[in-house]
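Below are the chains, spelled out letter by letter.
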Amino acid sequence: MTDLRADVVVVGSGAGGAVTAATLAEGGRDVCVVEEGPWIAPDELEPFSFEEMRAKYRHRGLTAALGRPGIAYAEGRCVGGSTEINSGLYRRLPEDLAARWRERGRILDFTPDILDHYASTIEAEIEISTVPGAPPLSSALIERGATKLGWRSTEFARLFSYAPDGRGTKQTMARTFVPRAVAAGARIVPDTEAVRVLVDGGRAIGVACRRRRPDGTWERFEVRAPEVFVCGGAIQSPALLQRSGIRGLVGSGLEFHPTIKVAARFPHPIDHDDVPMHRVTEFPSNLTIGGSASTRGHVALAIADAAPGDDEALDAWESTAVYYTAIKSEGHGRVWTLPGLHAPVVAYSLTEADLSLLARGLVHLGELLFAAGATALYPSIAGGPVLHRREDLVSWWDAVDRNRVNLMTVHLASTIRMGEDPARAAADSFGRIRGVANLRVNDASLLPTAPGVNPQAAIMAIARRNADHFLANT
Amino acid sequence: MRRIERRVVALLARGEPGAARLEAIQAYVGETLRLMPDHLRWGVALESAVLGAADAAGRAAGLLDDGRLRLILERWEASSVTPLRQYVRLLRSLTLYAGEELEHAAAPAGAVA
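Thresholds applied
- Residues numbered from 1 in each chain as written.
- Chains lettered and ligands numbered in written order.
- Predicted model: local features only at pLDDT ≥ 70, side-chain atom pairs only at ≥ 80, totals over all residues.
- Helix = DSSP H or I, 4+ residues; strand = E, 2+ residues; numbered from the N terminus.
- Buried ≥ 20, exposed ≤ 12 C-beta atoms within 10 Å, placed from the backbone.
- Contact = placed C-beta atoms within 7 Å.
- Pairing = 2+ DSSP bridges.
- Nonpolar A, V, L, I, M, F, W, Y, C, P; charged D, E, K, R; others polar.
- Axes fitted to C-alpha atoms, helices over the stretch in contact; angles between N-to-C directions.
- Core = buried A, V, L, I, M, F, W, Y, C linked by C-beta atoms within 7 Å.
- Domains from an automatic or database assignment.
- Expected span 1.5 Å × (residues − 1).
- Parallel < 35°, antiparallel > 145°, perpendicular 65-115°, else oblique.
- Left-handed = near helix turned anticlockwise from the far one by under 90°.
- pLDDT = per-residue confidence, 0-100.

A. Highlighting the overall build of chain B. Scanning chain B from terminus to terminus reveals five helices and zero strands. Reading chain B from its N terminus to its C terminus gives the helix and strand order α-α-α-α-α. Dimensions of chain B, computed from C-alpha atoms along their principal axes, come out at roughly 50 × 35 × 25 Å. When each of the 113 residues of chain B is scored for burial, the buried share is 28%. Of all intrachain contacts in chain B linking residues separated by at least 6 positions in sequence, the fraction that spans at least 24 positions is 65%.

Structure, rendered in structure tokens:
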């Protein structure tokens, strides 16, 4: 491929990149989007399937933050990014959190009115729905358990559209903002890795790229553009900047929502095609309880931590579903790129308070699932204990320790925080990187902290705000 | 994929998957290990080398069956040394995931809920 030229090059096509590309292309800019992963038609692969894991996940989902314990994390690597693999839950940024970000992070133009405007704009452009009719059983069980316990629960809206026959379709970026960007003239360059940002005289001037040829060799080329938006997510964006010699605060301050899972067996079959959309809202915003993908393979993974080799439990997968509790961690992590390593190194430190909160959440999750009728619970803790009675939940308090608990996360944020305080934030209030002109970040990296809710709504609204700011000021 | 990793997958596979299914599981695990971030893959490869050496020592001493390898894996899985424990968990997880998903895909339509 020969070198390309554009007004703007956008690296990444997830919730941040796709919204940025569509907004700028519709604003009359010549946009080129560089995406490391493949461009897969939205209906080509079954959601949460084995094939999807192989095709759309970075490292096939096998990535982990180093630490004690290590924490597995997942990222999408395809056109549409992680919106192609998540559950599509949509939650506006809570007002109190936005206020804290605005005040502590000194973020300009981040008032409730402005955030409402951009959330409303996104909501008018993409379909957000609750399930028409009754929710699937796996989700209704959350509501049932919460009702029995006197807890609050609610069905979260999702980025879904529903046909008259009730069939739901997730409104991923590959189905929504990417086609919009293309319709407005944007070029999408899939299967292409951004190696580094090109900087000349203190200004970004494009991106050096490479793509693998069928014979395994690399083809290298450049996308030259006077404006560069990096939107690769909270791990890949800081990695790209670091590879480009831009360090300082870049990569520090990683935050996420550590999550522990439980496989719950019921005395009846349960659905496995969707992710439960109900969430328990009884607890403070630093503790969430919900449901997870529960294909046969996912159920086996969830059971295997507590009961490896329990064939009887694995054979009962049709009556088993996976649920989780997630916390807003007080810990922090970091992303590094090191010479000789292609993938960035990620590390994260959980605090003792985090572990205590996870244990509390796990016990609450157990209460919920027993109240919903579960007959056996398998926590993601090496060696269990597997429980069959609510009275035994107390044993989970001591089981959540650094050596036994197995955690994961899908919500990663805050590695290139935005704000006006250069001692805390690598980017300004609109994602402009300090020290390099014409270089912006516009993804989850900018969030000052992990939000404690599904972050996609906040990422999209902030990306739209920053793209509008760019159009108005350049 | 190292030979010892193929043997570990065969030992950790559930039931008797048959040669073709086992080969598919091994292919999945091998490809996934190859795609891991380098620094994680190197750690796994080092542990595989240690496991392979321990197994080879047993073979040199005339212990030729898989029982010895299985015993080492059980000890690693119960170990207080996190990397040893996680090594077995990783390979078991990949093996189980691939085995169950392939089994599901092969099930005749209507055979599952």
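On we go.
B. Representation of the sheet that holds strand E10 (residues 193-200) of chain A. Residues and elements named next belong to chain A. Taken in spatial order, the four strands of this open sheet run E1-E12-E11-E10, and their pairing is mixed. With one partner strand each, in any of the chains shown, strand E1 (4-5) and E10 form the two edges of the open sheet. Where E10 and strand E11 (residues 203-212) come together, seven bridges link them in antiparallel fashion. Directly across from glutamate 193, in E11, lies its bridge partner arginine 210.

C. Structural view of the environment of A:Leu471. Residues and elements named next belong to chain A. In this fold, leucine 471 is placed in helix H12 (residues 456-473). Along the chain, leucine 471 and arginine 167 lie 304 residues apart, while their C-alpha atoms are 38 Å from each other. Contact partners of leucine 471, with chain neighbours within four places excluded, come to Leu24 and Gly27.

D. Structural view of the interface of chain A and chain B. Of the residues lining the interface, 23 residues belong to chain A; the matching set on chain B comes to 21 residues. Among the secondary structure elements, those contributing two or more residues to the side of chain A that touches chain B are strand E4 (63-65), helix H8 (296-306) and helix H9 (311-315) of chain A. With five residues, H8(A) is the single largest residue contributor to the side of chain A that touches chain B. Grouping the constituent residues of the side of chain A that touches chain B by class yields 13 nonpolar, six polar and four charged.

E. Looking closely at the environment of A:Leu341. Within the fold, A:Leu341 resides in the loop between strand E19 (332-336) and strand E20 (345-349). In this structure A:Leu341 comes out as partly exposed when scored by C-beta crowding, with 14 C-beta atoms within 10 Å. Here A:Leu341 is in contact with B:Asp38 and B:His39, once residues within four sequence places are set aside.

F. Looking closely at the sheet that holds strand E24 (residues 439-441) of chain A. Residue and element names in this part refer to chain A. As summarised here, the arrangement of the five strands in space is E9-E3-E2-E13-E24, forming an open sheet in which the pairing is parallel. The sheet is open, and its two borders are formed by strand E9 (187-189) and E24, each paired with just one other strand. This sheet shows a mean twist of 20 degrees between the axes of neighbouring strands, independent of strand direction. Summarising the sheet, strand E2 (residues 8-11) and strand E13 (residues 227-230) pair through four bridges and their orientation is parallel. Bridging across to E13, valine 9 finds its partner in valine 228.

G. Layout of the nonpolar core. Residues and elements named next belong to chain A. Val9 and Val31 are the most contacted members of the largest nonpolar core, which has 169 residues in total. The leading source of residues in this core is H12, at nine residues. Both domain 1 (4-39 + 79-88 + 91-127 + 171-250 + 413-473) and domain 2 (137-167 + 258-409) contribute no fewer than three residues apiece to this core. Beyond its immediate stretch of four places on either side in the chain, valine 31 contacts Ala6, Asp7, Val8, Val10, Ala21, Leu24, Ala25, Ala181 and Ala186.

H. Seen up close, the domain arrangement of chain A. Residue and element names in this part refer to chain A. For chain A, the assigned domains are domain 1 (4-39 + 79-88 + 91-127 + 171-250 + 413-473) and domain 2 (137-167 + 258-409). Facing 15 residues of domain 1, the contacting portion of domain 2 comprises 14 residues. Residues belonging to the side of domain 1 that touches domain 2 are distributed by class as follows: six nonpolar, six polar and three charged.

I. Focus on helix H2 (residues 19-35) of chain B. Here H2(B) is 17 residues long and its end C-alpha atoms lie 24 Å apart, about the 24 Å a rise of 1.5 Å per residue gives. The secondary structure elements touched by the buried residues of H2(B) are helix H1 (3-12), helix H3 (38-60) and helix H5 (82-106) of chain B.

J. Representation of the packing of helix H4 (residues 67-78) of chain B against H5(B) within the structure. Residues and elements named next belong to chain B. For the pair H4 and H5, interaxial distance at closest approach is 7 Å and the crossing angle is 120 degrees. Classified by the interaxial angle, the pair formed by H4 and H5 is oblique. Between H4 and H5 lies a crossing of left-handed hand. Across from Leu73, Trp76 and Glu77 in H4, the residues of H5 making contact are Leu84, Arg85, Tyr87 and Val88.

K. Broad picture of the confidence of the model for chain B. All names here are of chain B. Per-residue pLDDT for chain B averages 89, and the proportion of residues at 70 or more is 93%. Per-element confidence in chain B ranges from a low mean pLDDT of 90 for H4 to a high of 96 for H2. The ipTM, which scores confidence in the relative placement of chains, is 0.90 for this predicted complex, and the corresponding pTM is 0.95.

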